[in-house]
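Observations on chain architecture
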Amino acid sequence: DAGVTQSPTHLIKTRGQHVTLRCSPISGHKSVSWYQQVLGQGPQFIFQYYEKEERGRGNFPDRFSARQFPNYSSELNVNALLLGDSALYLCASSLGPQSSYNEQFFGPGTRLTVL
Amino acid sequence: DQQVKQNSPSLSVQEGRISILNCDYTNSMFDYFLWYKKYPAEGPTFLISISSIKDKNEDGRFTVFLNKSAKHLSLHIVPSQPGDSAVYFCAASNYGQNFVFGPGTRLSVLP
């Protein structure tokens, strides 16, 4: 069975541009969470979606947005990119919402570099 | 303000010996704690968790200890194996919401 998949693997953008990152959860999982991991730090929670509804949001500016599709895949969008947005973006899927203490399974991440 | 701290950026241990990774937290509302392991070019992998109603949880070579009064938890790996070499993240949550991760500790197990 396939694990969590993310695309693209790597991405290079320039300041001010927009980026869309994609995530496909494990089959049967209805919850997707997004994390940002800056070099030397742990993953930082951005969003959680469950059954296509936003269930949680971390301390990120409105330039960050996400959505979940009927097939439970998800997109993370970042507008007006800044140099500080350069990071590894991780997607995690779980059976249910985080509030049910479900184990999260992480994808390999998308490495975003903003020049 | 870091709510979850891992004050040792790195740790080296001889194969077969015990590895002890430490984690401190500041938010007394955290009630669920997890450890993840991360290899290069892969996402974090869940290792073991503990609820705040317990002080110890064991799974094979991995044991997590929780000291709520000290707001401290530790992960013990016995015996350590070269394949355990990875970055270990401590994470905490409040009622399973919005996990907060520490900065990680890089463990090197030397053969």
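Heads up: the structure comes first, above all this text.
Note that the structure is predicted; figures quoted are calculated from it, not measured. (Residues numbered from 1 in each chain as written. Chains lettered and ligands numbered in written order. Predicted model: local features only at pLDDT ≥ 70, side-chain atom pairs only at ≥ 80, totals over all residues. Heavy atoms only, no water.)

Note on placement: A:Q37 falls in strand β4 (residues 31–37). From its side chain, A:Q37 meets the backbone oxygen of A:Q41 in a polar contact 3.1 Å long. Setting aside anything within four residues of it in sequence, one finds A:Q37 in contact with A:G42, A:P43, A:A87, A:L88, A:L90, B:K38 and B:F89. (Helix = DSSP H or I, 4+ residues; strand = E, 2+ residues; numbered from the N terminus. Polar contact = N/O pair within 3.5 Å; in protein donor to acceptor, adjacent residues only side chain to side chain. Contact = heavy atoms within 4.5 Å.)

Let us now look at the environment of A:E103. Along the chain, A:E103 falls in the loop between β9 (87–94) and β10 (105–106). Residue classification places A:E103 among the partly exposed residues on the basis of a relative accessible area of 32%. Expressed as a C-alpha distance, the spacing of A:E103 and A:V78, which sit 25 residues apart in the sequence, is 27 Å. For A:E103, the contacting residues outside a window of four places in its chain are A:S93, A:S94 and B:F46. (Buried < 20%, exposed > 50% of the residue type's maximum accessible area, 1.4 Å probe, protein only.)

Taken as a whole, this structure holds 13 aromatic pairs over all chains when the rule is applied. Ring plane angle 50° and centroid distance 5.4 Å describe the contact between A:Y35 and A:F106, whose orientation is recorded as tilted. Of this pair, A:Y35 sits in strand β4 while A:F106 sits in strand β10, and the two are 71 residues apart along the sequence. Looking at A:Y35, the relative accessible area reads 0%, which means it is buried. For A:F106, a relative accessible area of 10% corresponds to the buried category. Arranged with centres 5.1 Å apart and planes meeting at 65°, the rings of A:F60 and A:F64 form a pair that is edge-to-face. The pair A:F60 / A:F64 is uniform in exposure class, with both members buried. Three or more aromatic residues joined by ring pairs form one cluster here, namely A:Y35, A:F45, A:F106, B:Y36, B:F46, B:F89 and B:F101. (Phe/Tyr/Trp six-rings, centres within 6.5 Å; stacked < 30°, edge-to-face > 60°.)

Turning to the sheet that holds strand β3 (residues 19–24) of chain A, a few remarks are in order. Adjacent strands of a sheet form backbone hydrogen bonds with each other and so pair up, either parallel or antiparallel. Residues and elements named next belong to chain A. Spatial ordering of the open sheet is given by β1-β3-β8-β7, a layout of four strands whose pairing is antiparallel. Only two strands of the sheet have a single neighbouring strand rather than two, namely β1 (5–7) and β7 (64–68). Going from strand to strand, the sheet's axes swing by 15° on average, the running direction of each strand aside. Two strands pair when backbone bridges link them, and β3 and strand β8 (residues 74–78) are joined in this way by five bridges, in the antiparallel orientation. Across the sheet, the residue bridging to L21 is L76, located in β8. (Pairing = 2+ DSSP bridges. Axes fitted to C-alpha atoms, helices over the stretch in contact; angles between N-to-C directions.)

It is worth spelling out the nonpolar core at this point. One finds B:F33, B:W35, B:L73, B:L75 and B:Y88 to be the most contacted residues of the largest nonpolar core, which totals 23 residues. Element by element, the count of residues in this core is highest for strand β9 (residues 86–94) of chain B, at four residues. Setting aside residues up to four positions removed in sequence, B:L75 forms contacts with B:S19, B:I20, B:L21, B:W35, B:L47, B:I48, B:F62, B:T63 and B:Y88. One finds A:V19, A:Y49, A:A87 and A:Y89 within the second-largest nonpolar core, a separate group that totals 22 residues. (Core = buried A, V, L, I, M, F, W, Y, C linked by side-chain atoms within 4.5 Å.)

All we've got here are geometric facts, nothing functional implied.
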